[in-house]
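Chain and residue survey
Here's the letter readout for the chains.
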Amino acid sequence: MRGTDAGVLDEALERIHRAGPERRGWLSNHAPMAVEALVRHGHGAGAHRWLERYALAKLEDMPRSTDPVVEARWREALGDPRRLADWTVYFGRAVAEEGWRTVLERWWPRLLPGIAAGATHPVIRVGHAVRALLEDGDGAVRTAELAHGLAYWAGRHQPLAAVSRPSGTASPAEALEAVPPVAAQEGGIRERLALLGSTAGWTAATGALRAPVGPDDARVLLTDLVTAATTRFAAHAHGDAVMLVHAVTAPNAVLRTLPALPRELWVPSVEAAWAASAAVTAAYATPAAAVPRASGTVEEYFARAAVHGDEHVIKLADTALDVAARTGSEDALVAVEQAMRLIDPEDD
């Protein structure tokens, strides 16, 4: 990213940091993720206009901190959404005093078991923040963005029930196809994820993925998972395209974070990313349907996603471009085509 574009991102993030991580008590603030993706892919000139539109309906003020989080008793506040502002103050001070890498290394393993927090939005926000820090440098605003992401994750921390560690032989594509649906395909994601522990075959399905053999293989496995989830999206998104985007973007957020983590954290990171992707897949299971054809270049597809304007389409396109660049295949672009067809940018 050029210096001028990094400046655009920082200006946008400064404004976003005056808002809270959620609105209406649950719905996630997607602005930092979408803006980072827009700027990253050369659409910084329109990032502020996009943020203006988004802010009118989808940003609420940051709540006030009332009960400081204390390091010695951090577990007391974990998973308590009433403490979101308290967590933001805690992480803001921590990254300023200790440096973002030190804080990330300490907190990543603490937060991983709750990767489903906020329908996976916190880990996705962290992944975008880490990418900006790694590629654009340790600016104060970018460091603060990581603090906001970690705080959101801590406040909404949500472990998944009955998950097995991968120990089978299935590829990511095979393992995703074998994930059983939760019994009630209705209600919000919190209600659906609560059914995982009683879903027949769920525990066995999470263990069916092949086990990574060391850190390097873990990164390969996670890369394959992101590819499989992206290409699978097109055929299954007709059930709930908005929610199934997160089966794609959550593991990609973890993949983007790996370079900033000690190698001994790579295997557990992949295991958590797999659990998150599988959980969203189970919660919004649909039979495969016909898919559209892709027509255009990678750059043209992101430009179309930016014009479409929906934050989920932008985030999916951001991941799909990673996959297309790695594989040279149009399959990932088909996912973007399908997202643009199925997601209404006017929906809440």
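Along each chain, the written sequence defines residue order, and numbers are assigned to residues from 1. Local features in a predicted model are, by the rule used here, given only for residues with pLDDT of at least 70; side-chain atom pairs are given and counted only at 80 or more, and totals for whole chains, interfaces and linings are based on all residues. Excluded from the side-chain calculations are hydrogens and water; all other atoms, namely the structure's heavy atoms, are used.

With that settled, consider the packing of aromatic side chains. Here a Phe, Tyr or Trp ring, Trp counted by its six-membered ring, pairs with any other such ring whose centre lies within 6.5 Å, and the pair is stacked when the planes are under 30 degrees apart, edge-to-face when over 60, and tilted otherwise. The tally for this structure, following the rule as stated, stands at 9 aromatic pairs. Measuring from ring centre to ring centre gives 5.7 Å for Trp-87 and Phe-91, while their planes differ by 25 degrees; the resulting arrangement is stacked. Remark: Phe-91 and Trp-87 occur in helix H4 (residues 84-98); sequence separation between them is 4 residues, near one turn of the helix. Comparing Trp-87 with Phe-91, the two get one shared label, buried. When the ring of Trp-87 is compared with that of Trp-107, the centres are 5.4 Å apart and the planes differ by 80 degrees; the resulting orientation is edge-to-face. Taken together, the positions of Trp-87 in helix H4 and Trp-107 in helix H5 (residues 100-111) put the pair 20 residues apart, joining distant regions of the chain. Think of it in three bands: residues with accessible area under 20% of the maximum for their type are buried, residues over 50% are exposed, and the middle band is partly exposed, with areas taken using a 1.4 Å probe on protein chains only. Residue Trp-107 is classed as buried on the basis of its relative accessible area of 0%. Sitting over a ring, as applied to charges here, requires NZ of Lys or CZ of Arg to be within 6 Å of the ring centre and within 35 degrees of the ring normal. A cation over an aromatic ring shows up here: Arg-110 above the ring of Trp-107, its NZ or CZ 4.5 Å from the ring centre. Just above the ring of Trp-266 sits the side chain of Arg-263; from NZ or CZ to the centre is 5.3 Å. The way it works is that DSSP assigns letters per residue, a run of H or I at least four long becomes a helix, a run of E at least two long becomes a strand, and they are numbered from the N terminus.

All right, on to the layout of surface pockets then. Lining residues are those with an atom within 4 Å of a point, where the points come from a 1 Å grid over the protein atoms alone and group into cavities, where a 1.4 Å probe fits but cannot get out, or pockets, open sets with protein on both sides within 12 Å along at least five of seven lines. Grid points are joined across faces, edges and corners, and a volume is the space filled by probe spheres set on the points. Estimates place the volume of the second largest pocket at around 300 Å³. Lining the second largest pocket are 14 residues, with Arg-53, Lys-58, Gly-309, Pro-345 and Glu-346 sitting closest to its centre. Taken together, the elements giving at least two residues each to the lining of the second largest pocket come down to helix H3 (47-58) and helix H14 (298-308). Among the elements that line the lining of the second largest pocket, the one with the most residues is H3, at 5 residues.

Take empty space enclosed by the protein next. According to the stated counting rule, one finds 4 cavities of 30 Å³ or more in the structure shown. For the largest cavity, the full set of lining residues is Leu-176, Ala-229, Arg-232, Phe-233, His-236, Leu-244, Ala-247, Val-248 and Thr-281. Those elements that provide at least two residues to the lining of the largest cavity are helix H11 (214-236) and helix H12 (241-257). Its residues assigned to classes, the lining of the largest cavity shows 6 nonpolar, 2 polar and 1 charged. The space that makes up the second largest cavity amounts to roughly 50 Å³. Every residue along the wall of the second largest cavity is listed here: Leu-13, Pro-32, Glu-36, Arg-125, His-128, Ala-129, Ala-132, Arg-142 and Glu-145. Contributing elements (two or more residues each) for the lining of the second largest cavity: helix H2 (31-40), helix H6 (121-136) and helix H7 (140-156). It is H6 that provides the largest number of residues to the lining of the second largest cavity, a total of 4 residues. Think of it as three bins: nonpolar holds Ala, Val, Leu, Ile, Met, Phe, Trp, Tyr, Cys and Pro, charged holds Asp, Glu, Lys and Arg, and polar takes everything else, Gly as well. Tallied by class, residues from the lining of the second largest cavity come to 4 nonpolar, 1 polar and 4 charged.

A few words now on unusual backbone geometry. Look at Arg-24: it is not a glycine, yet its phi comes out positive at around 55 degrees. Relative to the assigned elements, Arg-24 resides in the loop between strand S1 (22-23) and strand S2 (27-28). Classification of Arg-24 as exposed rests on a relative accessible area of 59%. With a phi close to 75 degrees, Thr-120 is a non-glycine residue in the positive phi region. With respect to the helices and strands, Thr-120 occurs in the loop between H5 and H6.

This part is about the side chain of His-312. Tracing the chain through its elements places His-312 in helix H15 (residues 311-327). For His-312, a relative accessible area of 8% translates into the label buried. Polar contacts, as counted here, are pairs of nitrogen or oxygen atoms within 3.5 Å of one another; within protein the pair requires one atom able to donate a hydrogen and one able to accept it, and residues that are adjacent in sequence qualify only if both atoms are side-chain atoms. At 3.2 Å, the side chain of His-312 forms a polar contact with the side chain of His-30. The contact partners of His-312, leaving out residues within four places of it in the chain, are His-30, His-121, Val-242, Val-245, His-246 and Ile-343. Contacts are residue-level and defined by heavy atoms, with any inter-residue pair within 4.5 Å sufficient.

This paragraph deals with the nonpolar core. Grouped together as the largest cluster of nonpolar side chains are 120 residues, with contacts concentrated most on Trp-87, Phe-91, Trp-108, Trp-153 and Phe-233. Tallying contributions element by element places helix H13 (residues 266-283) first for this core, with 13 residues. When near neighbours in sequence (up to four residues on either side) are disregarded, Trp-153 contacts Trp-108, Leu-111, Leu-112, Gly-114, Ile-115, Ala-117, Pro-122, Val-123 and Val-126. Side-chain atoms within 4.5 Å link the members of a nonpolar core, which is a set of buried Ala, Val, Leu, Ile, Met, Phe, Trp, Tyr and Cys residues.

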